[in-house]
Amino acid sequence: MVADPLIIAGETIHSRLWVGTSRYPSPQVMLQALEAAHAGLVTVSVRRLNLRAPQETFLDLLVGRFRLLPNTAGCYTAEEAVFLAELSKEALQTNWIKLEVIGDEHTLWPDPEELLSAARELVKRGFIVLAYAPDDPMVCQRLAEAGCAAVMPLAAPIGSGQGIRDPERLALIRHKLPHTPLIIDAGIGSPSDAAIAMEMGYDGILVNTAIAEAQHPVLMAEAMRLAVEAGRKAYHAGRIPRVSYARPSSPIEGLPWS
């Protein structure tokens, strides 16, 4: 295979598996899981961090060991999301932000109107915006047109572990945005889900709950990493077409008795 780097906003991310930092049974298990995943980016919720005293949170365990991607989880308005992005930029010295603007506290579904408004404002302010989005082809296209460095459609509701609920819509998003980095964010439940998404041509996977709440998080993190790698290789290898009839694996055409 030729070199296959993941490049976003001109920067190479060393791994296509990104991992979140919530819901782990302990900080030590979290660190072991992040290491086992070889996490390319590690997301941290700005709301959960005491940015003025990182020693009072797990942030001091992460800085210098992993590349952090702050997110605006818990925001319900564009104004709130922009404020948290500016706060994280000052505290963590990064203009990269995973943008989340939620429309409903029960479904945790992205609010398209507020999301687009926040994305446009943050891009205008010089942020590298990676936007968590619904699996809506038009919303994802609008986010790409707004200047988002990556678009991150969900596979299923956050934390649900349902896997890829609508592969046709995700395939359509990939088709409509062939040159935009696309990361599956939310809903992944098992390594097989991750492999399927990568086989579809997605550029990466963000996983949190499926690893953190597994019976053995570190082992699950390793399994997710291997699945992402296998899925990407399968995408490049090119699968055989699906057909509605059987084909013998050992053809008999041309044999003396045929």
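Everything numeric here is computed off the predicted structure, so don't read it as measured data.

A.B. asks: Can you tell me about the confidence of the model for the protein chain, naming the residues and giving the values?
C.D. replies: Should the pLDDT be low somewhere, the predicted coordinates at that spot are not to be read in detail. Looking at the protein chain as a whole, the pLDDT averages 91, with 92% of positions reaching at least 70. Taking the mean pLDDT of every element in the protein chain, the minimum, 83, falls on helix H2 (residues 59–62) and the maximum, 98, on strand S8 (residues 150–153).

A.B. asks: An account of the nonpolar core is needed here, citing residue identities and associated values.
C.D. replies: Judged by nonpolar contacts, the single largest core of 65 residues is most densely connected at Tyr-24, Leu-62, Leu-99, Leu-143 and Ile-205. It is helix H1 (residues 27–37) that contributes the most residues to this core, seven residues altogether. Once you skip the residues sitting within four places of it in the chain, Leu-143 turns out to touch Leu-115, Leu-116, Ala-119, Ala-131, Ala-133, Cys-148 and Val-151. Counting residues in hydrophobic clusters, the runner-up holds 14 residues, among them Ile-13, Leu-41, Trp-96 and Leu-206.

A.B. asks: Run through helix H9 (residues 217–237), naming residues and quoting values.
C.D. replies: Over its 21 residues, H9 extends 30 Å from the first C-alpha to the last, a length consistent with the 30 Å expected when each residue adds 1.5 Å. Residues Pro-217, Ala-221, Met-224, Arg-225, Ala-227, Val-228, Gly-231 and Arg-232 constitute the buried set of H9. All buried residues of H9 fall inside an arc of 165 degrees around its axis, so they share one side. Within H9, the exposed residues directed more than 90 degrees away from the buried face are Leu-219, Lys-233 and Ala-237. Contacts made by the buried residues of H9 are with strand S3 (17–20), H1, helix H7 (191–199), strand S10 (204–207) and helix H8 (209–212).

A.B. asks: Lay out the packing of H1 against H9 with the relevant residues and their values.
C.D. replies: Following both chains from N to C, one finds H1 and H9 inclined at 20 degrees, their axes separated by 8 Å at the closest point. As the angle between them shows, H1 and H9 are arranged roughly parallel. Crossing of H1 over H9 shows right-handed handedness. Packed against H1, whose contacting residues are Val-29, Gln-32, Ala-33, Ala-36 and Ala-37, the element H9 presents Pro-217, Val-218, Ala-221, Glu-222 and Arg-225 at the interface. Looking at the contact of H1 with H9 residue by residue, the class counts come to seven nonpolar, one polar and two charged.

A.B. asks: Describe the environment of Glu-90, with residues and values.
C.D. replies: Tracing the sequence through the fold places Glu-90 in helix H3 (residues 78–92). Counting along the chain gives 85 residues from Glu-90 to His-175, while the straight-line C-alpha distance between them is 37 Å.

A.B. asks: Can you explain the side chain of Glu-100? Please cite residues and give values.
C.D. replies: Positionally, Glu-100 belongs in the loop between strand S6 (96–99) and helix H4 (112–124). On the accessibility criterion, Glu-100 (7% relative accessible area) is buried. Among the polar contacts listed, one links the side chain of Glu-100 to the side chain of Lys-98, at a separation of 2.8 Å. Leaving out residues up to four positions away in the same chain, Glu-100 has contacts with Asn-71, Thr-72, Ala-73, Cys-75, Ala-81 and Tyr-132.

A.B. asks: Any details on unusual backbone geometry? Residues and values, ideally.
C.D. replies: Positive phi, normally seen in glycine, also occurs at Ala-9, with a value near 55 degrees. For Ala-9, the location among the structural elements is in the loop between strand S1 (6–8) and strand S2 (11–13).

A.B. asks: Which residues make up the pairing of S10, and what values go with them?
C.D. replies: The side chains of a regular strand alternate, residue by residue, between the two faces of the sheet. Neither face of S10 is left uncovered, since the one carrying Gly-204 and Leu-206 and the one carrying Ile-205 and Val-207 both have all their residues buried. Bridge analysis of S3 against S10 gives three bridges, and the strand direction is parallel. Bridge assignment links Trp-18 to a residue of S10, and that residue is Leu-206. Pairing analysis gives three bridges linking strand S9 (residues 183–185) to S10, with the strands arranged parallel.

Calculation criteria
Residues numbered from 1 in each chain as written. Predicted model: local features only at pLDDT ≥ 70, side-chain atom pairs only at ≥ 80, totals over all residues. Heavy atoms only, no water. pLDDT = per-residue confidence, 0-100. Helix = DSSP H or I, 4+ residues; strand = E, 2+ residues; numbered from the N terminus. Core = buried A, V, L, I, M, F, W, Y, C linked by side-chain atoms within 4.5 Å. Buried < 20%, exposed > 50% of the residue type's maximum accessible area, 1.4 Å probe, protein only. Contact = heavy atoms within 4.5 Å. Expected span 1.5 Å × (residues − 1). Arc of directions from axis to C-beta. Axes fitted to C-alpha atoms, helices over the stretch in contact; angles between N-to-C directions. Parallel < 35°, antiparallel > 145°, perpendicular 65-115°, else oblique. Left-handed = near helix turned anticlockwise from the far one by under 90°. Nonpolar A, V, L, I, M, F, W, Y, C, P; charged D, E, K, R; others polar. Polar contact = N/O pair within 3.5 Å; in protein donor to acceptor, adjacent residues only side chain to side chain. Pairing = 2+ DSSP bridges.

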